[in-house]
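Chain residues, written in single-letter form:
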Amino acid sequence: MVNASTVRTICWFITISYGIRSTLATNHCAPAEWVLLLTANFWIPLRRIGCFGLPLVRIDIRQESTRHSDALSELTQYLELGNFSEWTEKDKQAFLVNELQSKRPLLPRDWQPSAETQEVLDTCKVVAKAPEGSIAAYVISMARTPSDVLAVHLLLKEAGCTFALPVCPLFETLEDLNNANDVMTQLLNIKWYRNFIGNKQMVMIGYSDSSKDAGVLAASWAQYYAQEALIKTCEDAGVDLTLFHGRGGTIGRGGAPAHDALLSQPPGSLKGGLRVTEQGEMIRFKFGLPEVTLGSLSNYASAILEANLLPPPAPKQEWRDLMDELSEVSCQEYRDIVREEPDFVPYFRSATPELELSKLPLGSRPAKRKPNGGVESLRAIPWIFAWTQNRLMLPAWLGAGTGLQHAIKSGKQQQLAEMCRDWPFFNTRINMLEMVYAKADLWLAEYYDQRLVDKNLWPLGNKLRSLLSEDIKVVLTLANDQHLMEKLPWIAESIRLRNVYTDPLNVLQAELLHRSRQQETPDPRVEQALMVTIAGIAAGMRNTG
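All values derive from a computational prediction rather than experimental measurement.

Calculation rules
- Residues numbered from 1 in each chain as written.
- Predicted model: local features only at pLDDT ≥ 70, side-chain atom pairs only at ≥ 80, totals over all residues.
- Heavy atoms only, no water.
- Helix = DSSP H or I, 4+ residues; strand = E, 2+ residues; numbered from the N terminus.
- Contact = heavy atoms within 4.5 Å.
- Polar contact = N/O pair within 3.5 Å; in protein donor to acceptor, adjacent residues only side chain to side chain.
- Core = buried A, V, L, I, M, F, W, Y, C linked by side-chain atoms within 4.5 Å.
- Buried < 20%, exposed > 50% of the residue type's maximum accessible area, 1.4 Å probe, protein only.
- Domains from an automatic or database assignment.
- Expected span 1.5 Å × (residues − 1).
- Salt bridge = Lys/Arg side-chain N within 4 Å of Asp/Glu carboxyl O.
- Pairing = 2+ DSSP bridges.

K.L.:
Outline the environment of Lys412, supporting the account with residue identities and numerical values.
P.N.:
Checked against the element boundaries, Lys412 lands in the loop between helix H18 (400–409) and helix H19 (413–422). Expressed as a C-alpha distance, the spacing of Lys412 and Leu322, which sit 90 residues apart in the sequence, is 8.7 Å. Not counting the four nearest positions on each side in its chain, Lys412 is found in contact with Leu322, Glu325 and Ala407. Here the side chain of Lys412 touches Glu325 through a polar contact of 2.7 Å, side chain to side chain.

See below:
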């Protein structure tokens with residue numbers, strides 16, 4: 001919808017453009033062919049402006065929830081009201097709603113906040129000065145409570161924002177996804193909030209950190225369940241919900257063929273349209289050429305139409321019960337290894353180029369949220385990227401096969417087969433596991449261990465490769481296939497063709513990593529060659545980030 005400000009701008013632009021055109025034509029100030037060209041193309045940019053507005057591409061603002069709460073804590077302590085971060089959620093909400101309804105300013109004129117708080121306030125001032133419609137949403141990373149959303153609205157109000165900018169909570173971890181519906185229910189029960197949003201709400205579903213937190217199978221089910229609950233809550237409340245999918249390219253970050261991914265979502269999830277991230281190398285693969293771009297957009301459009309006109313079936317209760325069981329078992333297996341195994345972190349840093357990724361001139365953010373943190377502080381992209389480089393692909397499968405094996409041993413293989421046949425969500429999960437397994441290489445993963453890992457850590461590498469081998473057998477049994485990607489032979493052939501080039505790069509990378517780690521003074525030639533292998537393997541694996 002075009003707002004009043006945009007309409008005024010368009011009218012001004014039309015008036016000026018028409019005046020220039022009329023002057024040139026009437027006074028013969030330009031060659032006739034110029035006037036003809038201007039006349040023929042006169043309405044094209046105006047139609048585009050009418051459709052898309054003058055900004056053409058809108059941007060999002062994104063900030064982590066703790067930055068807002070820390071800023072408010074600093075403010076409330078300065079005002080001698082106490083420490084905002086230490087208040088109960090009920091007290092936080094009461095304070096925020098009261099201030100949002102107040103006509104007096106909250107920020108003191110003579111207050112000198114810290115640099116971190118000043119950055120948050122300055123960002124809100126930039127948002128307030130931006131033309132309405134040029135910023136699509138303010139996304140709150142790691143949103144956990146209703147007060148996280150209300151805090152942003154208050155900071156924007158204090159910055160002088162005169163319009164209702166959509167504030168979009170991003171639920172990322174397994175716990176946050178499970179609590180997402182409760183958070184939104186509380187928000188929608190706040191009278192001020194309901195009046196302010198105008199019955200429109202955007203919620204972002206996190207794929208990256210939830211998979212890193214709980215494993216791909218448990219995260220996928222939590223994402224599905226959260227969407228279902230949010231759809232019902234917003235429908236009951238009469239609120240138009242737009243789900244924003246924070247997918248990445250790799251399977252471990254929600255990546256999948258666009259058509260399959262959209263049709264595997266819960267029924268009704270696309271009624272409010274589609275908002276999805278396209279990141280990293282997937283932008284080039286999907287939108288690098290005009291013809292490819294049209295094909296990608298056609299895939300999205302056809303999937304949205306199909307999902308709304310012929311929605312996928314809702315899962316049976318017995319399917320839900322089994323998914324709960326699979327999720328619990330797979331999550332436990334994943335966390336037992338990633339969190340509880342004492343050798344895991346040193347093995348991860350030895351067997352993959354995780355430490356070397358910071359030298360790569362790619363990426364929009366630091367590899368870690370906290371410079372001195374462990375795996376838990378590592379961002380999802382380098383976490384998955386590193387395991388893709390040594391071809392173990394661990395984040396995209398760990399735990400999933402264990403859950404499936406548990407169900408088969410419990411006599412539920414027939415039920416799994418039914419889910420795979422009749423439920424697009426589960427079918428897509430199995431297909432994506434097959435693709436991951438097809439890109440993994442047990443021999444290369446073992447070669448990395450032999451060249452880079454201390455012998456004391458070899459047993460863990462052997463355990464992980466044994467798990468991968470068993471998981472492949474389970475998926476083949478479930479799919480009733482003789483080999484991986486049997487039902488998608490063109491993808492299997494594409495992977496085989498690329499492996500001709502990527503396999504030698506993996507061998508070379510392992511050798512270069514070994515040399516680089518043995519040198520006290522870095523050799524620029526070795527470092528450059530190493531960066532080339534990282535980029536080459538990433539290109540060969542396609543969906544790496």
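Next comes the rest of the account.
K.L.:
Residues and numbers for the nonpolar core, please.
P.N.:
Nonpolar side chains in soluble globular proteins tend to end up buried together. The biggest cluster of nonpolar side chains holds 73 residues, and the ones touching the most others in it are Trp397, Leu404 and Phe426. Among the domains, domain 2 (59–106 + 113–309) and domain 3 (341–541) are the pair contributing at least three residues each to this core. In terms of nonpolar packing, the next biggest core, distinct from the first, is built from 58 residues, Leu72, Leu96, Cys124 and Ala226 among them.

K.L.:
Tell me about helix H7 (residues 146–158), and please be specific about residues and values.
P.N.:
Taking 1.5 Å per residue, 13 residues should reach 18 Å; H7 reaches 19 Å between its end C-alpha atoms and fits that length. Among the 13 residues of H7, 12 are classified as buried, and the element is accordingly described as predominantly covered. Three or more residues of H7 are buried, namely Pro146, Ser147, Asp148, Val149, Leu150, Ala151, Val152, His153, Leu154, Leu155, Leu156 and Glu158. Just downstream of H7 lies Gly160, where phi reads positive at about 95°.

K.L.:
Can you lay out the pattern of salt bridges for me, pointing to particular residues and giving the numbers?
P.N.:
Applying the stated rule across the entire model yields 23 salt bridges. Between Lys473 and Glu470 there is a salt bridge, with its nearest N and O atoms 3.7 Å apart. Here the residue Lys473 and the residue Glu470 both occupy positions in helix H22 (residues 458–479), the gap between them amounting to three residues, near one helical turn. On the basis of relative accessibility, which here comes to 48%, the residue Lys473 falls in the partly exposed class. Shared partners join several salt bridges into a network, and the residues in it are Asp213, Arg335 and Arg339.

K.L.:
Please set out the pairing of strand E5 (residues 240–246) residue by residue, giving values where relevant.
P.N.:
In terms of residue burial, E5 counts as a mostly covered element, since five of its seven residues are buried. Note: E5 against strand E6 (residues 275–276), two bridges, orientation parallel. Of the residues in E6, the one forming a bridge with Phe244 is Arg275.

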